[in-house]
Amino acid sequence: MGETVLVAGFVLIPFSVLSVVSSRVAARLEDWLGFRPVIPIGCTVFVTAMLAFRFDRGSLWEVCLVMGIAGLGSGCVFAAMPRLILRSVPAAQSSSALGVNQVMRFIGFSIGSALSATILSAFTHGGLGLPRVGGYDAAALTGAGVWLTAGIVAYVVPGGARPDTASSLATAGSAVGPGPVAAVVPDPAAAVVPAPVGGSSDRHDAEQDGADV
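Rules of the game
- Residues numbered from 1 in each chain as written.
- Predicted model: local features only at pLDDT ≥ 70, side-chain atom pairs only at ≥ 80, totals over all residues.
- Heavy atoms only, no water.
- Patch = residues over 30% accessible without salt bridge, like charges linked within 9 Å, V, L, I, M, F, W, Y side chains within 5 Å.
- Areas by Shrake-Rupley, 256 points an atom, 1.4 Å probe, with all protein chains shown as cover.
- Salt bridge = Lys/Arg side-chain N within 4 Å of Asp/Glu carboxyl O.
- Helix = DSSP H or I, 4+ residues; strand = E, 2+ residues; numbered from the N terminus.
- Axes fitted to C-alpha atoms, helices over the stretch in contact; angles between N-to-C directions.
- Parallel < 35°, antiparallel > 145°, perpendicular 65-115°, else oblique.
- Left-handed = near helix turned anticlockwise from the far one by under 90°.
- Contact = heavy atoms within 4.5 Å.
- Nonpolar A, V, L, I, M, F, W, Y, C, P; charged D, E, K, R; others polar.
- Expected span 1.5 Å × (residues − 1).
- Bend = angle between axes of the 7 residues up to and from the residue.
- Buried < 20%, exposed > 50% of the residue type's maximum accessible area, 1.4 Å probe, protein only.
- Phe/Tyr/Trp six-rings, centres within 6.5 Å; stacked < 30°, edge-to-face > 60°.
- Lys NZ or Arg CZ within 6 Å of the ring centre and 35° of its normal.
- pLDDT = per-residue confidence, 0-100.

1. So, a nonpolar patch on the surface
Logical step 1: The grouping of Phe10, Ile13, Val17, Val21, Val25 and Leu60 at the surface amounts to a nonpolar patch, some 500 Å² of accessible area in total.
Logical step 2: Here the nonpolar patch takes five residues from helix H1 (residues 2-33), the largest share from any one element.
Logical step 3: Along the chain, Val17 falls in helix H1.

If you want it as structure tokens, here you go:
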């Protein structure tokens, strides 16, 4: 049992490391390609990992390689998702939208774990208590199908860009019309500057009084 836990922790190392690396690469991909294809690219990478696990998992280094590829895909997706959300919602709703994203992530983790356990349990027979080979194949193909669907949806239904303050003000001004907007914004040339106390007229009166004396 202890050896199994040790191996499981070991294969998670490449997943964790490459997830961090991929989260940095996702920002570069968005600069080069735009925000729309970043999530589908991450989903495609994860599908590649699932298919590799389905057809080749005979040794520990192959499993580590599969986990590393899966880390690249998941890191890319999870790094791009908050930026996509921030582009798609008004600024006043950013905190709520990111909170919903976190809740949906945990719900997805729970559903995915339960689905994987259900599939493996369905292929577990006999006294060994371990799933048959077909259980891992079915779990890998199911995961590949889920990630492929997510990539297609992320590409077909992208979020719209959030309007900035300047465009909102321009839209509001065009809707109101030039009259009220011009009434609100004063003309600098028409500003009246009051004469300072003790100005030219006061000095002229003082000089005239002196001349009379």
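2. Points about the packing of helix H4 (residues 94-122) against helix H5 (residues 133-156)
Logical step 1: Where H4 contacts H5, the two axes come as close as 8 Å, and the packing angle between them is 150°. As summarised for this structure, H4 and H5 are arranged roughly antiparallel, according to the angle between their axes. Of the two elements, H4 crosses H5, and the hand of that crossing is right-handed. Here H4 contributes Leu115, Ile119 and Leu120 to the contact with H5, which in turn contributes Gly135, Tyr136, Ala138, Ala139 and Thr142.
Logical step 2: Across the contact of H4 with H5, the residue classes break down as six nonpolar, two polar and no charged.

3. Points about helix H3 (residues 60-88)
Logical step 1: For H3, built from 29 residues, the straight-helix expectation of 42 Å at 1.5 Å per residue is met to within 8% by its first-to-last C-alpha distance of 42 Å.
Logical step 2: Along its length, H3 shows its largest kink, about 25°, at Met81, and proline Pro82 lies within four residues downstream of that point.

4. Side note on the pattern of salt bridges
Logical step 1: In the structure shown here, the tally under the stated rule is two salt bridges.
Logical step 2: Residue Arg83 pairs with Glu30 through a salt bridge whose shortest N-O separation is 2.6 Å. A residue pair is termed long-range when its members are at least 10 positions apart, and Arg83 in helix H3 and Glu30 in helix H1 qualify at 53 residues.
Logical step 3: With relative accessibility at 27%, the residue Arg83 sits in the partly exposed group.
Logical step 4: For Glu30, a relative accessible area of 16% gives the class buried.

5. Here's the deal with the packing of aromatic side chains
Logical step 1: Throughout the structure, instances matching the rule amount to three aromatic pairs.
Logical step 2: Grouped by ring-pair contacts, the aromatic residues Phe78, Phe106 and Phe109 constitute a single cluster.
Logical step 3: One residue, Arg36, lies across the ring of Tyr155, its end atom 4.8 Å from the ring centre.

6. A few points about H5
Logical step 1: The terminal C-alpha atoms of H5 lie 35 Å apart, and with 24 residues this matches the ideal 34 Å at 1.5 Å per residue to within 8%.
Logical step 2: Within H5, the full set of buried residues consists of Gly135, Asp137, Ala140, Gly143, Ala144, Trp147, Gly151 and Ala154.
Logical step 3: Where H5 is buried, its residues touch helix H2 (38-55), H3 and H4.

7. What about the confidence of the model for the protein chain?
Logical step 1: With 69% of its residues at a pLDDT of 70 or more, the protein chain shows a mean pLDDT of 76.
Logical step 2: Averaged pLDDT values over the elements of the protein chain bottom out at 38 in helix H6 (residues 165-176) and peak at 92 in H2.
Logical step 3: A low-confidence stretch, residues 164-204 (pLDDT under 50), is modelled with five contacts involving residues beyond four sequence positions or located in other chains.

8. Here we look at the environment of Thr149
Logical step 1: Looking at where Thr149 falls in the secondary structure, it is placed in helix H5.
Logical step 2: Residue classification places Thr149 among the partly exposed positions, given a relative accessible area of 48%.
Logical step 3: Along the chain, Thr149 and Cys43 lie 106 residues apart, while their C-alpha atoms are 8.7 Å from each other.

9. Things to note about the side chain of Asp137
Logical step 1: In this structure, Asp137 sits in helix H5.
Logical step 2: A relative accessible area of 15% places Asp137 in the buried class.

10. With respect to the packing of H2 against H5
Logical step 1: Interaxial distance between H2 and H5 falls to 8 Å at its minimum, and their mutual angle equals 165°. When the interaxial angle is binned, H2 and H5 end up roughly antiparallel. Along this stretch, H2 crosses H5, giving a crossing that reads as left-handed. Packed against H2, whose contacting residues are Ile39, Pro40, Cys43, Phe46, Val47, Met50, Leu51, Phe53 and Arg54, the element H5 presents Tyr136, Asp137, Ala140, Leu141, Gly143, Ala144, Trp147, Leu148, Ala150, Gly151, Ala154 and Tyr155 at the interface.
Logical step 2: Within the contact of H2 with H5, the residues separate by chemical class into 17 nonpolar, two polar and two charged.

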